[in-house]
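Examination of the molecular architecture
Each chain, written out:
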Amino acid sequence: SRDAAEAKELLRAFKTKGMWPLVQNYPRLLIVSNECISASTSNGRTLRNFLIGWPKEKLAQFCIRSTAPDMDTCDRYYFVSDRHALHSFLTGRPAEGVMIPEAVDAAYSDAPSGRNAMTMLIRNLVWKSGRWCCQDFYRWVEAFDPQLILFQSGDSAFMHDIARKLKEKYRIPL
């Protein structure tokens, strides 16, 4: 495939330029982003291309929108939707995140609709409340034991806080 050919070319370039020791020992990378690694969205494709050649057993991703995740690149996803977060905010109970590849309810994977300044402000407050977060999420992170966090910033200010809190809690570079 084209991706495999590009990965081989990239590795050849690293070897010839004396950078091979840097890529032999890939760190366990936790990706925090709005969208999952995917061929169907621009941010998903950006992540996918950035990670060409990275061993998939060394990748995990927390995302808030799930649209056809690329299981060839990464097979360890934790997904919490805006609806999950809102339900947690209203009920006071933590969200029940979905560990992909388990089934994802299509109703939960839709992108937010009716976006305007007020809805984005409310969305930010709901997520910043932290009510969505639960021990299940932290157990998932700890089972993976990341060594590095890659944060892909999007239109969600609260994702900066999530990435920063993970950095501080696990004392790993962001």
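Report on the accompanying structure. Note that the structure is a prediction, hence the values are computed from the model and not measured.

1. Things to note about the pattern of salt bridges
Pairs can form between side chains of opposite charge once their charged atoms are near each other. Applying the stated rule across the entire model yields 10 salt bridges. Residues Arg123 and Asp155 are paired through a salt bridge, measuring 3.9 Å at the closest nitrogen-oxygen approach. Of the two residues, Arg123 sits in helix H5 (residues 117-128) while Asp155 sits in the loop between strand S5 (148-152) and helix H7 (157-170), which places them 32 residues apart along the sequence. Since its relative accessible area comes to 8%, Arg123 is described here as buried. Among the residues examined, Asp155 registers a relative accessible area of 34% and is labelled partly exposed. The salt bridge partner of Asp161 is Arg164, with a shortest N-O separation of 3.6 Å. Remark: Arg164 and Asp161 occur in helix H7; sequence separation between them is 3 residues, near one turn of the helix.

2. Thoughts on the packing of aromatic side chains
Tallied over the full model, the rule gives 11 aromatic pairs. A centroid spacing of 5.4 Å and a plane angle of 25° characterise the contact between Phe62 and Trp132, whose relative ring orientation is stacked. One end of the pair, Phe62, is in strand S2 (residues 59-65); the other, Trp132, is in the loop between H5 and helix H6 (135-144), and 70 residues separate them in sequence. When sorted by exposure, Phe62 lands in the same class as Trp132, which is buried.

3. Side note on H6
Listed in full, the buried residues belonging to H6 are Phe137, Trp140, Val141 and Phe144. Projected down its long axis, H6 carries its buried residues within an arc of 95°, all on one side. The outward face of H6, more than 90 degrees from its buried face, is lined by the exposed residues Gln135, Arg139 and Ala143. Once H6 finishes, Asp145 follows within two positions and takes phi at roughly 60°, a positive value.

4. Observations regarding the nonpolar core
Ranked by internal contacts, the top residues of the largest apolar core, which has 25 residues, are Val32, Phe62, Trp127, Trp132, Phe137 and Ile162. At the level of elements, strand S1 (29-35), S2, H5, H6 and H7 are the ones that each hand at least two residues to this core. The biggest single contributor to this core is H7, with 5 residues. Non-local contacts of Val32, meaning those with residues more than four positions away in its chain, are made with Phe62, Ile149, Leu150, Phe151, Gln152, Met159, Ile162, Ala163 and Leu166.

5. Things to note about helix H4 (residues 82-91)
Buried within H4 we find Asp82, His84, Ala85 and Ser88. One side of H4 carries all its buried residues, which in axial view fall inside an arc of 160°. One side-chain oxygen of the residue at the start of H4 lies 3.3 Å from the amide nitrogen of Arg83, identifying that residue as Ser81. Two residues or fewer past H4, Gly92 is found with a positive phi of approximately 80°.

6. Here's the deal with the packing of H5 against H7
As a packed pair, H5 and H7 sit with axes 8 Å apart at the nearest point and diverge in direction by 20°. Between H5 and H7, the crossing angle belongs to the class labelled roughly parallel. Relative to H7, H5 is oriented so that their crossing is right-handed. Contacts between H5 and H7 involve Arg123, Asn124, Trp127 and Lys128 from the former and Ala157, Phe158, Asp161 and Ile162 from the latter. Residue composition of the contact of H5 with H7, by class: 4 nonpolar, 1 polar and 3 charged.

7. Description of the pairing of S2
Most of S2 is tucked away, with 7 of its 7 residues classed as buried. Bridge count between S1 and S2: 6 bridges; the pairing is parallel. When the bridges of S2 are listed, Ser33 appears paired with Cys63. In this region the chain leaves S1, passes through helix H3 (residues 42-50) and returns to the parallel neighbour S2; the handedness of that crossover is right-handed.

What counts, and where the lines are drawn
- Residues numbered from 1 in each chain as written.
- Predicted model: local features only at pLDDT ≥ 70, side-chain atom pairs only at ≥ 80, totals over all residues.
- Heavy atoms only, no water.
- Salt bridge = Lys/Arg side-chain N within 4 Å of Asp/Glu carboxyl O.
- Helix = DSSP H or I, 4+ residues; strand = E, 2+ residues; numbered from the N terminus.
- Buried < 20%, exposed > 50% of the residue type's maximum accessible area, 1.4 Å probe, protein only.
- Phe/Tyr/Trp six-rings, centres within 6.5 Å; stacked < 30°, edge-to-face > 60°.
- Arc of directions from axis to C-beta.
- Core = buried A, V, L, I, M, F, W, Y, C linked by side-chain atoms within 4.5 Å.
- Contact = heavy atoms within 4.5 Å.
- Polar contact = N/O pair within 3.5 Å; in protein donor to acceptor, adjacent residues only side chain to side chain.
- Axes fitted to C-alpha atoms, helices over the stretch in contact; angles between N-to-C directions.
- Parallel < 35°, antiparallel > 145°, perpendicular 65-115°, else oblique.
- Left-handed = near helix turned anticlockwise from the far one by under 90°.
- Nonpolar A, V, L, I, M, F, W, Y, C, P; charged D, E, K, R; others polar.
- Pairing = 2+ DSSP bridges.
- Right-handed = clockwise from strand over helix to strand, strands pointing away.

Read these as layout, nothing more, since geometry by itself doesn't imply function.
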